[in-house]
Structures are given as structure tokens and as C-alpha cells.
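Examining the three-dimensional arrangement
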Amino acid sequence: MENIETVRKFYDDTVKYEWERLERHKVEFELTKRYLSRYIKSGDKVLDLGGGPGRYSLYLAELGCDVTLADLSEKNVEFALNIASEQGLALKGLQVDARDLSIIEDSQFDYVLCMGPMYHLKNEDERAKTITECLKKLKPNGIIFVAFISSYSFVWDYLIRNPEIILNSDRKLELNKIVDGKDFEGKGFSDNFYISPKNVLPFFKQFNLEKLHLLNSESFLYLREPELLKQKQDVINAWLDLAEQVCEREDLLSLAEHLMYIGKKTE
């Protein structure tokens, strides 16, 4: 519970930062939207669990979906509902802990987005419990989208922002986790869980799910995203088109900051 309170406080204190994050990380946002739109259509019922200030919720509400945003941070939910009201969009909001969704009716959603909770749940049993809770809320044959932070994200962030940090003994121990190919927990932007790309699919074998996709949410663009976003929109779109075509390739998964699993409920 101490970890969860730390995470809750972090998001309560950083609503505006989190809202703006996907402006700075537009590749992740745009590629994710492309995969959402492959499946989700106007009129579909969607649970956005851990959706923060509602970037994806508002996008889907604008498409005409029936969206419920459920998040640990009450301030994020309030922010999203205010934006929805300003834009004339229908959006429902709930403050919840992803590990217990008992206040939400079972088997009512066509789609569940779980693109936040896996960033922070350090215990595998709690991660499994959260996915189980999500699957309860899905209709038969419903589809779940689950995002993770890759264990390689530390490497990219440190190389970009502060290469000398590898000389810090604690950070060097964290970085050495990629040598062993192990998942690990650590201090990132909050208390975080980082998964090795090779461990994503084995995690989902315990659930009644048919794998549809496993993708690198930034494809090969993450390390050059700032330069890309300075280009004209047609240039950006052309690179996104190329990136989308290869983002599921296994040999690109280790380049990811974020990974996304998409699966269909089989019973």
C-alpha cells in the first residue's frame, strides 16, 4: 500500500505534466491510436483503466465511444471530466485501484485499456490480479490493450539525459539488469516496474487470451523523436507509416520505451 500511495500522490501532483507528456511523446500516442482505431469504433463501450488525465479517453469519446475513465488519481479523473465538459464530450469517470474493480459491473465493455497500472505494480501477483479484474469487465471476445515500460527504457533515458549516471553505483546496478534479461523494480518517474521484452508473452499465458499483437509503441523512432517532431506534418506522417509497418518485429522490441500487448478474451 505504501507503494500505491506514492504512485497516487505522484499523479495527483503532476496532472498537467502527465497531460502534456503525450505531446512530447507523440510517436507513442499516434502509433497507439492507430492500433486502437483498428478495432474500436463509434458506439463501442470502453474502460480506460489508469488513463490518467484522459488523452485516450477523450480521443475515443470524440470518436463516439461510450467511455469510462478509471484512475488511481482522483485529480486526473477530475481534470479529464472538466476537459470533456469543455469540449462537449460524454465521459464517465471513477477513482479506483486497478487491483479491485468490484465497483464496476462485469462483462459490460467491448474493450479495456490497461495502459498505466503495469508501470507501477511491482509484485507479479498484483499484476496478474489486475489483468484478471480487467478480463472480468470485458464481454466475451472483448479485447484488452496492456502497456508496459520496457527494461531498456532506463538505458535510453540515461543516454539521452545524463550518460554520466552510469558511474553512480546504484544506477549501474539497475542498468546491469539488462545483462541478465530480468524484470526489475526501481525509481524512475515514480515507483516503477520494468519488464524485459522477452517476458511479456510468457506473463499472459496464464490468462484466457488470444494474442493479437505485441508491439514496440515507439517502433524505431524513440531515440530521434525530438528531431522528427520538428519536421512538417507530412514528413512526420510518412515516418509514422513506416514505423507502424515494423513495430511488431521481434528484433525491434528491445528499442522500445513502452511495449503494448493486445489480446482477445477467449471465454
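Structure first, text after, so check above.
As the structure is a prediction and not an experimental result, all values here were calculated from the model.

**Points about the pattern of salt bridges**
- Tallied over the entire structure, the rule returns 20 salt bridges.
- Ionic pairing is found between aspartate 110 and lysine 139, a salt bridge with its closest N-O pair at 3.2 Å. With aspartate 110 in strand 4 (residues 109-114) and lysine 139 in strand 5 (residues 138-150), this pair connects stretches of sequence that are 29 residues apart.
- Taken together, the salt bridges that share partners define one network made up of Arg34, Arg38, Asp241 and Glu244.

**Observations concerning the nonpolar core**
- Grouped together as the largest cluster of nonpolar side chains are 41 residues, with contacts concentrated most on Ile40, Leu60, Leu113 and Phe145.
- Examining the composition of this core, we find that 5 residues originate from one element, helix 4 (residues 55-62), more than from any other.
- Contact partners of leucine 113, with chain neighbours within four places excluded, come to Leu36, Ile40, Val46, Leu47, Asp48, Leu49, Tyr56, Leu60 and Phe145.
- Counting 37 residues, the second largest nonpolar core, distinct from the first, contains Ile4, Leu47, Ile131 and Leu214.

**Concerning the environment of asparagine 237**
- Relative to the elements of secondary structure, asparagine 237 occurs in helix 12 (residues 233-246).
- Spatially, the C-alpha atoms of asparagine 237 and glutamate 30 are 9.5 Å apart, while their sequence positions differ by 207 residues.

**Quick look at unusual backbone geometry**
- For asparagine 141, which is not glycine, the phi torsion reads 70° and is therefore positive.
- Along the polypeptide, asparagine 141 turns up in strand 5.
- Overall, asparagine 141 belongs to the exposed group, its relative accessible area being 53%.

Calculation rules
- Residues numbered from 1 in each chain as written.
- Predicted model: local features only at pLDDT ≥ 70, side-chain atom pairs only at ≥ 80, totals over all residues.
- Heavy atoms only, no water.
- Salt bridge = Lys/Arg side-chain N within 4 Å of Asp/Glu carboxyl O.
- Helix = DSSP H or I, 4+ residues; strand = E, 2+ residues; numbered from the N terminus.
- Core = buried A, V, L, I, M, F, W, Y, C linked by side-chain atoms within 4.5 Å.
- Buried < 20%, exposed > 50% of the residue type's maximum accessible area, 1.4 Å probe, protein only.
- Contact = heavy atoms within 4.5 Å.

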